[in-house]
Structure formats: C-alpha cells, structure tokens
Amino acid sequence: MIALGCDHGGYNLICAVKKYLDEKGIAYKEFGTFSEDSVDYPIYAYKVAKAVTEGDCELGILCCGTGIGISMAANKVKGVRAAVVNNDFGAEMTRRHNHANILCMGGRVISEEDAVRFTDIFLNTPEEGGRHDNRVAMLKQIEDGTFSVE
Ligand code: RB5
C-alpha cells in the first residue's frame with residue numbers, strides 16, 4: 001500500500017502518479033489534497049508520514065511545489081526518511097542507499113512524465129544492506145539522540 005499526499009502545488013504530479021499506479025494495479029491510499037485550491041503542505045505531509053511510520057502503508061509519495069517543504073514536514077516525524085528527487089539516479093539511490101520511505105517531488109520543478117518515471121524507479125528499487133544498514137541505523141540514532149561521535 002502506497003500513501004499519497006500533496007498540496008495544491010503538487011496536485012498535478014500526484015494525479016499523474018495515481019494514473020500510473022492504477023495502470024500498474026498498485027494499491028494506494030489518498031490523504032489529499034484533492035484540488036488546486038491553496039492549502040498548507042504540513043497537513044498532508046503529516047498524514048502520509050503517520051500512515052508510513054504506523055505501518056498502514058509501506059511507502060509514501062508526497063508532492064508540493066518544490067518537493068522541499070513537504071519533505072521537511074514529513075522528516076519531522078520519527079521514522080520518516082523523505083527524499084526530494086529530481087533525477088533518475090536520485091530516485092534509485094535514495095532507495096538503495098538511504099532506504100528512503102517517502103518520495104517527494106515538486107510540481108513546479110519536474111514534469112508529470114518525470115514524476116511517473118521517478119515513481120517507477122523508486123517503487124522498484126530494493127534497499128541495499130551492509131554498510132547502508134549501518135548508516136541508516138546512524139540516522140535513527142541521531143533521531144533518538146543516542147548518536148555520538150568522538
Ligand atoms: C505553495 O505555494 C508552495 O510553497 C509549496 O507547494 C511548496 O513548494 C513548499 O515547499
């Protein structure tokens with residue numbers, strides 16, 4: 001199950017992503033917004049972040065004008081690793097190396113075609129273990145306040 005959320009600036013991209021998920025038969029839950037009327041992106045970031053961290057959804061996709069504000073809001077929720085993606089390489093590597101659990105994109109930055117391609121890459125790329133597991137564990141320690149460096 002994929003959690004979907006956006007503000008007015010990302011509404012076009014989330015519609016394109018939904019069409020892609022429908023075509024692929026991939027299940028999703030929508031958390032809004034549902035139009036281009038102006039709204040506050042933290043609301044939708046929070047809903048998707050909670051759905052992912054509470055286990056209702058495995059991964060999330062969030063879109064705003066730049067992808068930045070909505071990623072910042074999502075990353076405030078414990079357990080979220082939200083990444084703004086602007087190219088194919090980033091879409092792949094943020095899953096492989098950072099174990100990103102929320103893909104963020106900007107409707108005023110990338111095309112709908114790009115958004116669909118980044119979504120496809122993101123959803124089809126596995127997490128790599130080994131040293132990447134260790135680094136993601138460090139991210140969790142930073143979040144918990146248990147990380148220490150010499
Ligand atoms: C809304 O105008 C815009 O600020 C928002 O979509 C996003 O880009 C924030 O980071």
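This write-up is about the structure you can find in this document. Since the structure is predicted, the reported quantities are computational estimates derived from the model, not experimental observations.

Quick notes on the rules
Residues numbered from 1 in each chain as written. Predicted model: local features only at pLDDT ≥ 70, side-chain atom pairs only at ≥ 80, totals over all residues. Heavy atoms only, no water. Helix = DSSP H or I, 4+ residues; strand = E, 2+ residues; numbered from the N terminus. Buried < 20%, exposed > 50% of the residue type's maximum accessible area, 1.4 Å probe, protein only. Polar contact = N/O pair within 3.5 Å; in protein donor to acceptor, adjacent residues only side chain to side chain. Contact = heavy atoms within 4.5 Å. Pairing = 2+ DSSP bridges. Right-handed = clockwise from strand over helix to strand, strands pointing away. Near = heavy atom within 4 Å. Areas by Shrake-Rupley, 256 points an atom, 1.4 Å probe, with all protein chains shown as cover. Nonpolar A, V, L, I, M, F, W, Y, C, P; charged D, E, K, R; others polar. Salt bridge = Lys/Arg side-chain N within 4 Å of Asp/Glu carboxyl O. Axes fitted to C-alpha atoms, helices over the stretch in contact; angles between N-to-C directions.

1. Let's talk about the side chain of T125
No. 1: Note on placement: T125 falls in the loop between helix 5 (112–123) and helix 6 (131–144).
No. 2: Overall, T125 belongs to the buried group, its relative accessible area being 8%.
No. 3: Among the polar contacts made by the side chain of T125, one reaches the main-chain carbonyl oxygen of I121 at a distance of 2.6 Å.
No. 4: Dropping the residues within four chain positions of it, T125 is found in contact with E92, R95 and R96.

2. Some remarks on the pairing of strand 5 (residues 102–106)
The side chains of a regular strand alternate between the sheet's two faces.
No. 1: For strand 5, the tally of buried residues reaches five of five residues, placing the bulk of the element in the interior.
No. 2: The alternating pattern of strand 5 places I102, C104 and G106 on one face and L103 and M105 on the opposite face, and all of these are buried.
No. 3: Direction of pairing for strand 3 (residues 59–64) relative to strand 5: parallel, over a ladder of five bridges. Looking across to strand 5, one finds that I61 is bridged to L103.
No. 4: With three bridges connecting them, strand 4 (residues 82–84) and strand 5 associate as parallel partners. For A82, the partnering residue across the bridge sits in strand 5 and is I102.
No. 5: Where the polypeptide runs from strand 4 across helix 4 (residues 88–96) and back to strand 5, its parallel neighbour, the crossover connection is right-handed.

3. A closer look at the site of the ligand
No. 1: As a matter of local geometry, the ligand sits amid D7, H8, Y41, C64, G65, T66, G69 and R108.
No. 2: One of the side-chain N or O atoms of D7 is found 2.6 Å from an oxygen atom in the ligand.
No. 3: Here G69 contributes a backbone N or O atom positioned 2.9 Å from an oxygen atom of the ligand.
No. 4: Expressed as a share of its isolated accessible area of 290 Å², the protein-covered part of the ligand is 71%.
No. 5: Looking at side-chain class alone, the shell around the ligand contains two nonpolar, four polar and two charged residues.

4. Some details on the pattern of salt bridges
No. 1: All chains considered together, the criterion is met by nine salt bridges.
No. 2: Ionic pairing is found between E23 and K19, a salt bridge with its closest N-O pair at 3.3 Å. With E23 and K19 both in helix 1 (residues 11–24), this residue pair falls four residues apart, about one helical turn. Per residue, the accessibility class of E23 equals that of K19, and both read exposed.

5. Some thoughts on the sheet that holds strand 3
No. 1: What the five strands build is an open sheet, ordered 2-1-3-5-4; its pairing is parallel. This sheet does not close on itself; its edge strands, each paired only once, are strand 2 (28–30) and strand 4. Direction aside, neighbouring strands of the sheet carry axes that sit 20° apart on average.
No. 2: Relative to strand 3, helix 2 (residues 41–53) is tilted by about 170°, and along the sheet it contacts strand 1 (2–6), strand 3 and strand 5.

Everything listed is a geometric property; what it means functionally is a separate question.
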